[in-house]
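One letter stands for each residue in the lines below.
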Amino acid sequence: MKPVHGKLKRLNVATYEYKTKGRYKGTDTFVIKATGKGPKASGTSVITVHATIK
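Right, let's walk through the structure included here. (Residues numbered from 1 in each chain as written. Predicted model: local features only at pLDDT ≥ 70, side-chain atom pairs only at ≥ 80, totals over all residues. Heavy atoms only, no water.)

### Some thoughts on the environment of Lys19
Just so we agree on the cut-off: Segments assigned H or I by DSSP are reported as helices when at least four residues long, segments assigned E as strands when at least two residues long, and all are numbered from the N terminus. In what follows, a contact means two residues having at least one pair of non-hydrogen atoms within 4.5 Å.
For Lys19, the position within the fold is in strand β2 (residues 15–20). Placed 11 residues apart in sequence, Lys19 and Leu8 show a C-alpha to C-alpha distance of 6.7 Å. Setting aside its immediate chain neighbours within four residues, Lys19 contacts Gly6 and Lys7.

Here's what the structure looks like:
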């Protein structure tokens, strides 16, 4: 799910940047999905971010 009131940009494998549109103040939500492989298994995590912009 993409943010409604801003843009999410992936800067590298572990860092994202979120910027609001204009001078928006309020709440926004977005989801980041991460997939990885360990020594014995692989898996996927879904991270939901609830941001409050003041």
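### Description of the pattern of salt bridges
Applicable threshold: Salt bridges are defined as contacts in which a side-chain nitrogen from Lys or Arg sits within 4 Å of a carboxyl oxygen from Asp or Glu. When a residue's accessible area, from a 1.4 Å probe over protein chains only, is under 20% of the maximum for its type it is buried; when over 50% it is exposed; and in between it is partly exposed.
For the coordinates displayed, the defined rule picks out 1 salt bridge. Its salt-bridge partner being Lys19, residue Glu17 comes within 4.0 Å of it at the nearest N-O pair. By relative accessible area, which is 51% here, Lys19 ends up exposed.

### Considering the pairing of strand β1 (residues 6–12)
Worth spelling out the cut-off: We treat two strands as partners when DSSP finds at least two bridges between them.
Pairing of β1 with β2, which is carried by 6 bridges, proceeds in the antiparallel orientation. Of the residues in β2, the one forming a bridge with Arg10 is Tyr16. The hairpin formed by β1 and β2 contains 2 residues between the paired strands.

### Re the packing of aromatic side chains
Cut-off, in case you're wondering: Stacked, tilted and edge-to-face are the three classes applied to pairs of Phe, Tyr and Trp rings, where Trp contributes its six-membered ring and a pair requires centres within 6.5 Å; stacked means planes under 30 degrees apart, edge-to-face means over 60, and tilted covers the rest.
For the structure shown, the criterion picks out 1 aromatic pair. Centre to centre, the rings of Tyr18 and Phe30 are 5.3 Å apart; their planes meet at 25°, and the pair counts as stacked. With Tyr18 in strand β2 and Phe30 in strand β3 (residues 26–37), this pair connects stretches of sequence that are 12 residues apart.

### Some thoughts on the environment of Lys37
As for its position among the elements, Lys37 is in strand β3. Given a relative accessible area of 78%, Lys37 falls into the exposed group. On a C-alpha basis, the gap between Lys37 and Lys9 in space is 23 Å, while along the polypeptide they are 28 residues apart.

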